[in-house]
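Listed below are the residues making up each chain.
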Amino acid sequence: MGNRVRFAPSPTGHLHIGGLRTALFNYLFAKKYGGSFILRIEDTDEERSTAASTQAIFDGLLWAQLTWDEGPMPNGEVKGAYGPYYQAQRAQEGVYQKFIDQLLAEDKAYQCYCTPQELEAMRTQQQANKLPPRYDGRCRRLTGEQKEAFKAQGRKPVIRFKMPKEGETKFTDLIRGEVSFANKDLYDLVIQKASGIPTYNFAVVVDDHLMEMTHVIRGDDHISNTPAQIQLYRALGWAHPIMAHLSMIHGPDGTKLSKRHGDTSVIEYKKQGYLPQALINYLALLGWSTPDSQQLFAPGELEQKFDIAGCQKSPAVFDPVKLQWMNGEYIRGLSKDALYEAAKPFIDEAGFAAGADTERLKDIVALEQEKYKTLKEIPDLISFFYADVTFDEAAVEKVFKQPTAKAALEAAIAKYEALDSFTEQPLEEAARAAAKESGLKAGQIFHPARVAVSGRTNGPTLFKMLEYMGKDMVLKRMRAALGLTV
Ligand code: GLU
């Protein structure tokens, strides 16, 4: 059987950068070593799980093109033979209950009737005694009578697992090497809530076993759960999958990645004009590298080169500037058609090019391809080809207030009115001739011409821009701009 790995998000919010990185490493692992990438929705938190979050997970993964071999599909269908892939549904179908019953029957788990107030009082007492706050196991040995008395008070029990108190729990992590935890630091964790729903730590063990996962690749924030999970595997008589904990992602200031570092939802990156392939390339390097520190990967190359041995233990630093650079690299690598397709939603949203000639629009979008860092910048950079010119005040001040600006525009207008072939080279030659004949420097014509047609001092190469704008628009704008000169 091939490897089986999973991405197991809890649908309690957006799919974030860290989640997508975990999904990606599992995906790459499955592709590299031959295996299946499985999506499982861990919706055991009844209060915080939402259908909208599950949808956001689907949307984010599909946009990033991390397609899963098994799991729930957005259209309600299910792929794979190990379903259901929603834990809430598995709980309803009784998947976990028999293992809870097994642990109870073998005296490896017990009913705990403590109320939240009692647990709180226990914690306060422990803190006062400078002890680490954790469940003290007081319900481990309740008599039948005590249980009946609690039940008579209307208390509903949770089920706790009897954690060993002595010795160590060790495991070999593919990334971190030998890891060991002292069992005295573990505690009798709740494995089933009073509602009958299993907790994360229990459900994850049962499902990874029943779904025959060979490897568990997840964020380092879960490493402290691993010894407890390993104890559960042992208690249930199962071997545990091979563990691999990915380094944490930090912001440039060295603290855990948060919203202010750019840890927004994956779909927000789509909205900000990132290409999925650029984001994926960037995320692949958050905690992994090739021996020669390769930065950019051709399509399909990551799947080949990914190697779990190249994953690092130390935190990876999320650098939005590098991500933006990489996005620019990917934008530059697009064909003219692909660039247009990628930019289209942004241009459509801006609205000014509705009904425009597509082939011309493609040329216009490609004019400044070298410069774009995100797709979102494109509409503003090309808007003046379609919408009315909005003059940048500083440009007007700097260029049109020159005493030569008026004469320069008049000379250019005269040449361009007479020009039949309104294409790049003749446009440039005519402008140079106009300068010469009026005793001006070339720049003294070029700058006012640029501001007149675009309102800006920067933009695409001037004569290409004039060519794509066309004679009528160029002349109309140049004549109108005369009114702004002194
Ligand atoms: N459901 C867990 C989470 O969203 C992941 C569990 C795991 O990978 O073991 O953090």
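Scroll up to find the structure this text is about.
Presented here is a report on the structure given in the accompanying data block. (Residues numbered from 1 in each chain as written. Predicted model: local features only at pLDDT ≥ 70, side-chain atom pairs only at ≥ 80, totals over all residues. Heavy atoms only, no water.)

Focus: the layout of surface pockets
Unfilled space is identified by rolling a water-sized probe across the atoms.
(1) Moving on: Looking at the largest pocket, its volume works out to about 1,000 Å³.
(2) Moving on: Among the elements that make up the lining of the largest pocket, the one with the highest residue count is helix H1 (residues 17-33) (four residues).
(3) Moving on: Its residues assigned to classes, the lining of the largest pocket shows 12 nonpolar, 14 polar and 13 charged. (1 Å grid on protein atoms, 1.4 Å probe; cavity = no way out; pocket = protein on both sides within 12 Å on 5 of 7 lines; lining within 4 Å. Points joined across faces, edges and corners; volume = space filled by probe spheres on them. Helix = DSSP H or I, 4+ residues; strand = E, 2+ residues; numbered from the N terminus. Nonpolar A, V, L, I, M, F, W, Y, C, P; charged D, E, K, R; others polar.)

Notes on unusual backbone geometry
(1) Moving on: Across the junction of Gly-83 and Pro-84, the peptide omega takes the value -5°, indicating a cis bond.
(2) Moving on: Residue position: Pro-84 is located in the loop between strand S4 (78-79) and helix H3 (87-92).
(3) Moving on: Residue Ser-293 is not a glycine yet carries a positive backbone phi of 50°.

Focus on helix H20 (residues 462-469)
(1) Moving on: Within H20, six of the eight residues are buried, leaving the element largely enclosed by the surrounding structure.
(2) Moving on: Of all the residues in H20, the buried ones are Leu-462, Phe-463, Met-465, Leu-466, Tyr-468 and Met-469.
(3) Moving on: Downstream of H20 by a residue or two, Gly-470 has a phi angle that is positive, lying close to 90°. (Buried < 20%, exposed > 50% of the residue type's maximum accessible area, 1.4 Å probe, protein only.)

Focus on the state of the cysteines
(1) Moving on: Scanning all chains against the criterion turns up zero disulfides.
(2) Moving on: No disulfide involves Cys-112; its sulfur sits 3.9 Å from that of Cys-114, the nearest cysteine.
(3) Moving on: Cysteine Cys-114 is unpaired, with the sulfur of Cys-139 as its nearest cysteine sulfur at 3.7 Å.
(4) Moving on: For Cys-114, a relative accessible area of 15% puts it in the buried group. (Disulfide = S-S within 2.5 Å.)

Some remarks on the sheet that holds strand S5 (residues 109-112)
(1) Moving on: Read across the open sheet, the three strands follow the order S5-S6-S9; overall the sheet is antiparallel. Each edge of the sheet is formed by a strand with only one pairing partner; in this case those strands are S5 and strand S9 (190-192). Averaged over all neighbouring strand pairs, the angle between strand axes comes to 45°, with direction disregarded.
(2) Moving on: Two strands pair when backbone bridges link them, and strand S6 (residues 158-161) and S9 are joined in this way by two bridges, in the antiparallel orientation. (Pairing = 2+ DSSP bridges. Axes fitted to C-alpha atoms, helices over the stretch in contact; angles between N-to-C directions.)

What to know about the packing of helix H4 (residues 97-105) against helix H7 (residues 200-210)
(1) Moving on: Contact pair H4 / H7: the axes reach a minimum separation of 11 Å and the direction vectors enclose 110°. Looking at the two axes, H4 sits roughly perpendicular to H7. Note on packing geometry: the crossing formed by H4 with H7 is right-handed. Of H7, the residues touching H4 (which contributes Phe-99, Ile-100 and Leu-103) are Phe-202, Val-206 and Leu-210.
(2) Moving on: Per-class residue counts for the contact of H4 with H7 are six nonpolar, no polar and no charged. (Parallel < 35°, antiparallel > 145°, perpendicular 65-115°, else oblique. Left-handed = near helix turned anticlockwise from the far one by under 90°. Contact = heavy atoms within 4.5 Å.)

Some thoughts on the site of the ligand
(1) Moving on: In the vicinity of the ligand, the contacting residues are Arg-6, Ala-8, Pro-9, Ser-10, Glu-42, Tyr-200, Val-204, Arg-218 and His-222.
(2) Moving on: Taking Tyr-200, its side chain carries an N or O atom lying 2.9 Å from an oxygen atom of the ligand.
(3) Moving on: Contact distances for the ligand include 2.7 Å between an oxygen atom and a side-chain N or O atom of Arg-218.
(4) Moving on: Out of a free accessible area of 300 Å², the ligand has 81% covered by protein chains.
(5) Moving on: Taken atom by atom, the bulk of the ligand overlaps the largest pocket.
(6) Moving on: Looking at the shell around the ligand, its residues break down into four nonpolar, two polar and three charged. (Near = heavy atom within 4 Å. Polar contact = N/O pair within 3.5 Å; in protein donor to acceptor, adjacent residues only side chain to side chain. Areas by Shrake-Rupley, 256 points an atom, 1.4 Å probe, with all protein chains shown as cover. Sits in = over half its atoms within 2 Å of the grid points.)

Quick word on the packing of aromatic side chains
(1) Moving on: The full count for this structure, using the stated rule, is 15 aromatic pairs.
(2) Moving on: Here Tyr-27 and Phe-37 contribute two aromatic rings whose centre-to-centre distance is 5.8 Å and whose plane-to-plane angle is 85°, an arrangement assigned as edge-to-face. Of this pair, Tyr-27 sits in helix H1 while Phe-37 sits in strand S2 (residues 35-39), and the two are 10 residues apart along the sequence. With respect to burial, Tyr-27 and Phe-37 carry one shared label: buried. (Phe/Tyr/Trp six-rings, centres within 6.5 Å; stacked < 30°, edge-to-face > 60°.)

A few points about the side chain of Arg-40
(1) Moving on: Along the chain, Arg-40 turns up in the loop between S2 and helix H2 (51-63).
(2) Moving on: Polar side-chain contacts of Arg-40 include one of 2.9 Å to the side chain of Asp-208.
(3) Moving on: With residues up to four places along the chain from it excluded, the contact list for Arg-40 reads Arg-6, Phe-7, Ala-8, Pro-9, Tyr-85, Gln-87, Val-204, Asp-207, Asp-208, Met-211 and Met-213.

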